[in-house]
Amino acid sequence: MTSFTHSNDGTKQHIIVVGNGMVGHHFVEQLIELGGMDEYRVTVLGEEANLAYDRVHLSDYFNGASAADLALTTSQYYENHGVAFHTRSKVVVLDRQAKMLTLEGGEQLAYDKLVLATGSYPFVPPMPGHDRENTFVYRTLEDLDAIKACAQSAKTGTVVGGGLLGLEAANALKNLGLETSVVEFAPRLMPVQLDETGGALLREMIEGLGVRVLTSTATNEIVDGESANHRMNFADGSHLETDLILFSAGIRPRDELARQAKLEVGERGGIVINNQCITSDDNVYAIGECALWDGRIFGLVAPGYMMAKTVAGNLMCNAAAAFTGADMSTKLKLLGCDVGSIGDAHAASQGARCFVYQDQINQEYRKLVVSEDGKKVIGAVLVGDNSYYDTLIQYYLNGIDLPAQPQALILPASNGESVGLGVEALPATASICSCHNVTKQSIADAVAAGAMSVGDIKSATKAATGCGGCAALLKKVVDNELTALGIEVSTDICEHFPHTRQDLYTIVKVEGIRTYSELLHKHGKGHGCEICKPAVGSILASVWNDYVLAKEHIGLQDTNDRFLANMQKDGTYSVVPRIPGGEITPDKLIVIGQVAKDYNLYTKITGGQRIDLFGATLPQLPEIWKRLIDAGFETGQAYGKSVRTVKSCVGSTWCRYGVNDSVGMAIKIENRYKGLRSPHKLKFAVSGCTRECAEAQSKDIGVIATEGGWNLYVCGNGGMKPRHADLFATDLDDETLIKYIDRVLMFYVKTADRLQRTSVWMDSLEGGLEYLKEVVISDSLAICEELEEQMDHVVGTFQCEWKTTVNDEKALKTFRQFVNHDGQDENVVFVEERNQIRPATYEEKVTLIAKAG
């Protein structure tokens, strides 16, 4: 908005919020929830072009998320609640005497109460050359747009700073396909959160992913490079050449407006506030990273949210509203590596004692810091496995007495028995979601008020809608509360089967059941529904791999599976032939082009390296399939919950960086698994080197070539919640790689829930990645032979469903407009639009009839 005209309601005091980041917006939300819009009129001033967005998940912007996906609010939300808002509006003068703000464009706004939520700015070390072209910071969407643009013509990128944000930035550069380095002045990575051993292990893990790490390294200057844009000259006489430099060496509070207005600021920056977040001026508040409380700046979003809530409460005359500090513990995944830090991670407290567990083979390190009397957790460090975090943080935050053997809390589970803290043992005041300060009692109250699911709880309390790290714990608390109220927490797939999907899979396989009707008769009731029918259809296909359009199976399929093609919004269908590894001959390209031309189909090259043909009508599908089959194509199964594509780079065949034949391996993998039906769709990729051009680490199964063989990554995806895959095994030969993939996939098919992505499935396993390694690599359940045999059965019974259909007269009847006639329905008229066809509207039909006389 550009207009600064406001209604002058003399009955309401005017609050101006300077800053529309996560914390500034959260203050507005809190004030609205408390009914503050009845007493105040609110104006929000933001410097950026966008309204508030999620900086915590900023890296998702490099993984396909849009600005809209990251948005925390909309103009409609503000307008509906009477909040005036202005983007691209920088305040340059604060006149406390006149209670007046002056903006960069000269406009002036008067306030009664002022909330400064100006946040922080990235610190850029002032070495010579720091402001050269192609040097960036990592703070805003505009910063990320600039980085993406530069990366298109760059080969190498370097991050200055090895802290939390620095490693997140390094991950972004790596995702952009750059050879990435991290330069850190301190002797270890994440020096604030990790001790020496934890930092060393994190470095080892990150270097194993192909990121170069330089610690104890100071940059003296940045000058022109010989083989790259820049040359970074270091204090020890060494140097590094790089095309792009990204500074992430820490943050500094944005307190320039406070300094201009003579508000009290700290010796090293930050606007001084008291427990009510009031500055040295009673009419001015400060919240978030610009605020200094008790000599501390809080650089996480959760403390900022607590400050925002405090100010909203104070303005609504809640005398109890106060900010008295916040926990800075954190759990995150950096470059695919688990890292956790709780409380006094460095054991600096008087009398602190430590328990340490280290597994160099599996790259795990855990340190538990306890009080001198050994009764309380006062800190912890986790590297390589964060599954212990939820338990330890609750011991720490709630002062719960430790068990007789505290070391058991960080040791691997013995005989599958976990020593975790059950949610029933948590006090009512336990903080489950620190971002929104949601306690166990708040969740219990919401359940008692009628919230019956995690989704209901999220809507009612906002728990797990911040960083999302508490989602697993939240579900346990919700289930526990429902059980305590006598409400059964059902895991049944639907009302027709008193079983989970995993139960049904086992029943089908063990009892040799081959049809839905037999399963329903023996183990279900009723007639079935749209939930259990497709699920059972998928299970039957996974176990027996029969033709999905056989009479006994066709009624179980959804629309796409029923017609072996994806229905589009206009009622036509897409045709996607399989192109293993993206490798295709000129002759086959010509066939696809001719088919598209003859049937007037819209063509689109997908991210999975194949060609979609859009706009086919139902009767045209078999005709198109036959022409493609005759040219040597097969169904790409783009319509099924199955293996879709195996993306690859050109590998060692062509690329000067390739160390192995990624195309050959991609083709081998795709041809092996192309017939596998699964709980959800599966996407693979194979990269020929650690430059990762095939983006293998964002796939369900990712393979990256190394000098020693293949690195295998599992359970990533690019779905609604993008997630990087986890490193599963390294330097594998071809045979072992295939064997491990066989086992992972069949264990997933055997145990996953209905429509559960591999990433969610693995996170739901007790023990997560490590448990999966035990099952697949160590054969802890003694089922690996069975899994391999099942995969061999799938591979050996593959059939091209298009070809089977084309050769089956009965099946072809499905693709006629009339079951008993080969003719077309003349009332269905298609018109050309964007090089494709769609059904005509009523008005278009009338026009066509009139023209025809």
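In what follows, the accompanying structure is described.

Rules of the game
Residues numbered from 1 in each chain as written. Predicted model: local features only at pLDDT ≥ 70, side-chain atom pairs only at ≥ 80, totals over all residues. Heavy atoms only, no water. Helix = DSSP H or I, 4+ residues; strand = E, 2+ residues; numbered from the N terminus. Rg over C-alpha atoms; globule rule 2.2 N^0.38 Å. Buried < 20%, exposed > 50% of the residue type's maximum accessible area, 1.4 Å probe, protein only. Contact = heavy atoms within 4.5 Å. Areas by Shrake-Rupley, 256 points an atom, 1.4 Å probe, with all protein chains shown as cover. Polar contact = N/O pair within 3.5 Å; in protein donor to acceptor, adjacent residues only side chain to side chain. Pairing = 2+ DSSP bridges. Arc of directions from axis to C-beta. Axes fitted to C-alpha atoms, helices over the stretch in contact; angles between N-to-C directions. Lys, Arg positive; Asp, Glu negative; His and termini not counted. Salt bridge = Lys/Arg side-chain N within 4 Å of Asp/Glu carboxyl O. Parallel < 35°, antiparallel > 145°, perpendicular 65-115°, else oblique. Nonpolar A, V, L, I, M, F, W, Y, C, P; charged D, E, K, R; others polar.

**Examining the overall build of the protein**
Right, on to step 1. Assigned secondary structure in the protein consists of 28 helices and 38 strands.
Right, on to step 2. Computed over the C-alpha atoms, the radius of gyration of the protein is 30 Å, within 12% of the 29 Å expected from 2.2 N^0.38 for a compact globule of 853 residues.
Right, on to step 3. With respect to the three principal axes, the spread of C-alpha positions in the protein is 85 × 75 × 70 Å.
Right, on to step 4. Taking all 853 residues of the protein together, 53% fall into the buried category.
Right, on to step 5. Counting contacts in the protein only where the partners sit at least 6 residues apart, residues at least 24 apart contribute 62% of the total.
Right, on to step 6. Surface summary for the protein: the accessible area is close to 37900 Å², and the carbon and sulfur share equals 49%.

**Observations regarding the environment of Arg 656**
Right, on to step 1. Here Arg 656 shows up in the loop between helix H20 (651-654) and helix H21 (662-673).
Right, on to step 2. Relative accessible area serves as the criterion here: at 64%, Arg 656 is assigned to the exposed category.
Right, on to step 3. A distance of 3.2 Å separates a polar atom in the side chain of Arg 656 from a polar atom in the side chain of Tyr 657.

**So, the pairing of strand E32 (residues 643-648)**
Right, on to step 1. E32 sits mainly inside the fold: six of its six residues count as buried.
Right, on to step 2. Alignment of E32 against strand E33 (residues 682-687), held across four bridges, turns out to be parallel. In the sheet register, Ser 648 faces E33, and the bridge partner there is Val 686.

**Re the pairing of strand E24 (residues 364-370)**
Right, on to step 1. Burial analysis of E24 places seven of its seven residues in the buried class, which makes it a mostly covered element.
Right, on to step 2. Note that strand E23 (residues 353-359) and E24 share seven bridges and pair antiparallel. Among the inter-strand pairings, Phe 355 is bridged to a residue of E24, identified as Leu 368.
Right, on to step 3. Here E23 folds back onto E24 in antiparallel fashion, the turn holding four residues, of which Gln 363 has a positive phi close to 55°.
Right, on to step 4. Strand direction decides the pairing type here: E24 and strand E25 (residues 377-383), joined by six bridges, are antiparallel. Considered in E25, the bridge of Leu 368 is made with Ala 380.
Right, on to step 5. Following E24, the chain reverses through six residues before pairing antiparallel with E25; Gly 374 in that reversal takes a positive phi of roughly 75°.

**Digging into helix H10 (residues 440-448)**
Right, on to step 1. Looking at H10, one finds that the buried residues are Lys 440, Ile 443, Ala 444, Ala 446 and Val 447. Relative to the axis of H10, the buried residues are bounded by an arc of 160° and lie together on one face.
Right, on to step 2. Looking at the residues trailing H10, positive phi occurs at Gly 450, about 120°.

**Points about the sheet that holds strand E35 (residues 709-714)**
Right, on to step 1. Pairing within the open sheet is mixed, and its five strands lie in the order E32-E33-E34-E35-E36. A single partner strand is all that each edge strand has here, and the edge strands are E32 and strand E36 (726-732). Here the average twist between neighbouring strands, direction ignored, is 15°.
Right, on to step 2. The pairing of E33 with strand E34 (residues 701-706) spans four bridges and is parallel. Directly across from Ser 687, in E34, lies its bridge partner Ile 704.
Right, on to step 3. Across the sheet, helix H24 (residues 768-776) is in contact with E35 and E36; its angle to E36 comes to roughly 40°.

**Some words on the side chain of Asp 612**
Right, on to step 1. Inspection of the secondary structure assignment puts Asp 612 in strand E31 (residues 611-616).
Right, on to step 2. One buried charged residue, Asp 612, forms no salt bridge at all, with the nearest opposite charge on Arg 610 at 5.1 Å.
Right, on to step 3. Beyond its immediate chain neighbours, meaning those up to four positions away, Asp 612 contacts Val 575, Val 576, Tyr 602, Thr 603, Lys 604 and Thr 606.

**A word on the packing of helix H13 (residues 501-511) against helix H14 (residues 516-523)**
Right, on to step 1. Packing of H13 against H14 brings their axes to within 12 Å, and their N-to-C directions diverge by 105°. The pairing of H13 with H14 is recorded here as roughly perpendicular in orientation. Residues Leu 504, Ile 507, Val 508 and Glu 511 of H13 lie in contact with H14, whose contacting residues are Leu 519, Lys 522 and His 523.
Right, on to step 2. Here the residues of the contact of H13 with H14 sort into four nonpolar, one polar and two charged.

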